[in-house]
Amino acid sequence: MRIDVLTLFPGAIEPFFGASIIGRAQAAGLVTVRCTNIRDYATDSHRSVDDRPFGGGPGMVMMCPVVFDAVEHVESLDTRSATRILLTPQGEPFNQAVARELAGRQRLLLICGHYEGFDERIREGLRPREISVGDYVLSGGEAAAMVVVDAVVRLLPGAVGDEESIESESFSEGLLEYPQYTRPREYRGLTVPEVLLSGDHARIARWRMEQALKRTRQRRPDLYERLQSTRPDLLTSADEGSAS
Ligand code: ADE
């Protein structure tokens, strides 16, 4: 997979893509992440990328020519066609299902905005998919792009060492994760649930499912309600123990 990120602040996000799981996935050849500075496509002496809005009003608006030129040039660097993504609070909500869908693409091109917004013709002319990472306004799309790239790359086969850990993670089946513990067995009077030390794998699996269901019901009733139609089997088999 190839991922291009178009941004005005490549230096702010490049180190993130070189670290941890994304860095390892790049080193292993599973993905290439490239950042491109949109300002490199400015043509005037001030290297302008934004201007005041027609009709007046506060703030500045990202201009069409630099964004179109950056997108078209970066796309020409590879023969695979790219899924264009514009990061914006007006986009469709990003979630695990969208991450899974994007992880199946050969190439992604993420466009990060800054200032008050994009000239509307960027949407009309480039027809990107628009994605929001949450109902809040960031100063730019960079943090959102890091969220999307991270969630997508860790789904690529081989990116996360233990494939099972992806399977059991929060949201892989619409459930929050069960509580985890490691050494020491006791710390400042806080202990590890006895069942996890029992060696009884069936009992441990049952306890974990009960805990996951309990957490989901308490913290995310919206997800829990959805399980009633998507995974009724989970609710009948293990949920009795999670009611308390
Ligand atoms: N840019 C600014 N805010 C954003 C958000 N919530 N999601 C995606 N991109 C953004």
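Scroll up to find the structure this text is about.
The following paragraphs examine the structure supplied in this document.

Reading the values: the criteria
Residues numbered from 1 in each chain as written. Predicted model: local features only at pLDDT ≥ 70, side-chain atom pairs only at ≥ 80, totals over all residues. Heavy atoms only, no water. Buried < 20%, exposed > 50% of the residue type's maximum accessible area, 1.4 Å probe, protein only. Helix = DSSP H or I, 4+ residues; strand = E, 2+ residues; numbered from the N terminus. Arc of directions from axis to C-beta. Contact = heavy atoms within 4.5 Å. Near = heavy atom within 4 Å. Polar contact = N/O pair within 3.5 Å; in protein donor to acceptor, adjacent residues only side chain to side chain. Areas by Shrake-Rupley, 256 points an atom, 1.4 Å probe, with all protein chains shown as cover. Phe/Tyr/Trp six-rings, centres within 6.5 Å; stacked < 30°, edge-to-face > 60°. Lys NZ or Arg CZ within 6 Å of the ring centre and 35° of its normal.

This part is about helix α2 (residues 20-27). Taken together, the buried positions of α2 are I22, G23 and A25. The arc that holds the buried residues of α2, viewed along the axis, is 160°, so those residues lie on one side. Residues of α2 that are exposed and point over 90 degrees away from its buried face: S20, R24 and A27. Lining the buried residues of α2 we find α1 (10-18), β2 (32-37) and α6 (142-153). G29 lies just past α2 and shows a positive phi near 80°.

Right, let's talk about the site of the ligand for a bit. Contacts to the ligand come from L87, T88, P89, I131, S132, V133, G134, Y136, V137, L138, G140 and A144. Take T88: an N or O atom from its main chain is 3.1 Å from a nitrogen atom of the ligand. Between the ligand and the protein, one listed contact pairs a nitrogen atom with a backbone N or O atom of L138 at 3.0 Å. Contact with the protein chains hides 96% of the accessible area of the ligand, taken as 260 Å² for the molecule alone.

Once that is clear, we can look at the packing of aromatic side chains. Summed over all chains, the structure comprises one aromatic pair. Between F16 and F17, the aromatic rings sit 5.7 Å apart at their centres with planes inclined by 70°, giving edge-to-face as the arrangement. Its relative accessible area of 2% is what places F17 among the buried residues. One residue, R217, lies across the ring of Y224, its end atom 5.8 Å from the ring centre.

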